[in-house]
Amino acid sequence: MSVVAVANQKGGVGKTTTTVNLAAAAAEMGRRTLVIDADAQANATSALGADASGAHIYDALLGEIPLKQCIVPTAWAALDVAPSSMDLVAAELELAGQPQREYVLRGALSAVAETYDLVLIDCGPSLGLMTLNALVASDAAIAPVQCEYLALEGLSALLETIRRVQMHLHPGLQLLGVVATMYDGRTRLSQDVAAQLRSHISSTFDTIIPRSIRLSEAPSHQRPIIDYAPRSRGAEAYRELAGELLVRLSELPSSSLYANRVGDGALT
Ligand SMILES: Nc1ncnc2c1ncn2[C@@H]1O[C@H](COP(=O)(O)OP(=O)(O)OP(=O)(O)O)[C@@H](O)[C@H]1O
Ligand SMILES: [Mg+2]
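Residues numbered from 1 in each chain as written. Chains lettered and ligands numbered in written order. Predicted model: local features only at pLDDT ≥ 70, side-chain atom pairs only at ≥ 80, totals over all residues.

Colleague: Help me understand the overall build of the protein chain, please; the structure alone is not making it clear to me.
Modeller: From N to C terminus, the protein chain includes 11 helices and 7 strands. Dimensions along the principal axes, computed over C-alpha positions, put the protein chain at roughly 50 × 40 × 40 Å. Evaluated residue by residue, the protein chain yields a buried proportion of 51% over its 268 residues. Within the protein chain, counting contacts between residues at least 6 apart in sequence, those at least 24 apart form 76% of the total. (Helix = DSSP H or I, 4+ residues; strand = E, 2+ residues; numbered from the N terminus. Buried ≥ 20, exposed ≤ 12 C-beta atoms within 10 Å, placed from the backbone. Contact = placed C-beta atoms within 7 Å.)

Here you go:
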C-alpha cells in the first residue's frame, strides 16, 4: 500500500478535485484505492457521493472504531472512501492533547495495508494537526498549485512544513511532485506560472490540469470526471496524472511505511 497526501494550505487550489479524480483514475487502472477525507469540509466525501450517514474518519482517529469500520464503498469498482464531517474540527482539538498526536492516522491506516494498493488523503486548507497527521501517515505528498498570481509564494510554506516533518516526525516523507492546476493556455499568466513552477521545482509533474467547466461541474453530480465526462480534457489529464503518479511511486526508495507498495509487483 502506498499512501499519498494531497496537500497545500492555500484554499481552493484543486486539492479535492485532484484527490477524487486521481483516485478514480487509479481505480480504473485496477488499483484498489481508498480516499481518506481529512478535511472537515467533507468535499471529497460528497464529490464521490459517499454515504456519510454512518461513522466518520473522526471516530477512527479518536480510537472509537477501527478505520475499516468507517470506510464506505462508492459507485465505482475498487474505489472506497473514509468519509469526513464537520466533527473533524473537534477531533483536531481533542487529538491536540494526546501523546504521539501526529501519528494517529498512521496507526489507523496500518490496519488496512493489505486491503488497498493506493490511499490518497485529501487535506484541508491548513497546516494544522490533521494535515500533519496526513503527512506523517504518507509515503509521499503531492501539492496542487493553481496557475495564478502568487502561486509560488504559498508553496514555500508548504515546502517548509514538509521539511520540518522530515526533520522531526517522518524522515522518509517524499515530496513526490507539484501539480499545476486550472491552467488556462490562453492566458499569459497561466503560461508564466506553469513555466516558473517547472524551473523552480524540479519535481513538477509533466501533466498539467486544464481549467475546465466539466471538472467544476462533476462534484455536483457526485461523479469523478472519468465517469461524468470520460472523453473530456480534464478526464484525460487526470488519467495521465494517475499514470505519472504510479510510476513515481514505484520509483520511491523501498522503505515504505506500509507493506505492499504500489510497484512491488503484487498488483494486477
Ligand atoms: N481544473 C479545474 N477547472 C475548473 N475548475 C476547477 C478545477 N479544479 C478545481 N476547480 C474548482 O475550483 C474550486 C476549488 O477546487 P477544490 O475544491 O478542488 O480545491 P481545494 O484545494 O480542495 O479547496 P479547499 O482548500 O477549500 O479544500 C472548486 O469549485 C472546483 O470545482
Ligand atoms: Mg478541498
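Still more to cover.
Colleague: Teacher, can you tell me more about the site of ligand 1 here?
Modeller: Near ligand 1 there are 20 residues, and of these Lys15, Thr16, Thr17, Pro125 and Ser216 occur at the shortest range. Every element with two or more residues in the shell around ligand 1 is listed here: helix 1 (15–28) and helix 9 (213–217). (Near = placed C-beta within 6 Å.)

Colleague: Could you clarify how one ought to interpret the environment of aspartate 37 in this entry?
Modeller: By the element assignment, aspartate 37 lies in strand 2 (residues 33–38). A C-alpha to C-alpha distance of 11 Å links aspartate 37 and methionine 86, two positions 49 residues apart in sequence. Beyond its immediate sequence surroundings of up to four residues, aspartate 37 is in contact with Ala42, Ala44, Thr45, Ile57, Val81, Ala82, Pro83, Ser84 and Asp122.

Colleague: I keep staring at the pairing of strand 5 (residues 118–123) and nothing clicks. Help me out?
Modeller: A regular strand places its side chains so that they alternate between the two faces of the sheet. The element strand 5 is extensively covered by neighbouring structure, given that 6 of its 6 residues are classed as buried. Going residue by residue along strand 5, you find Leu118, Leu120 and Asp122 tucked away on one face and Val119, Ile121 and Cys123 tucked away on the opposite face as well. Across 5 bridges, the pairing between strand 1 (residues 2–6) and strand 5 is parallel. Its bridge partner being in strand 5, valine 3 is matched across the sheet by valine 119. (Pairing = 2+ DSSP bridges.)

Colleague: I keep staring at the nonpolar core and nothing clicks. Help me out?
Modeller: Membership of the largest hydrophobic core comes to 90 residues, with the highest contact counts inside it found for Val119, Ile121, Ala134, Leu135 and Ala141. Looking at this core element by element, the count peaks at 8 residues for helix 11 (residues 233–250). When near neighbours in sequence (up to four residues on either side) are disregarded, valine 119 contacts Met1, Val3, Leu34, Ile36 and Leu109. (Core = buried A, V, L, I, M, F, W, Y, C linked by C-beta atoms within 7 Å.)

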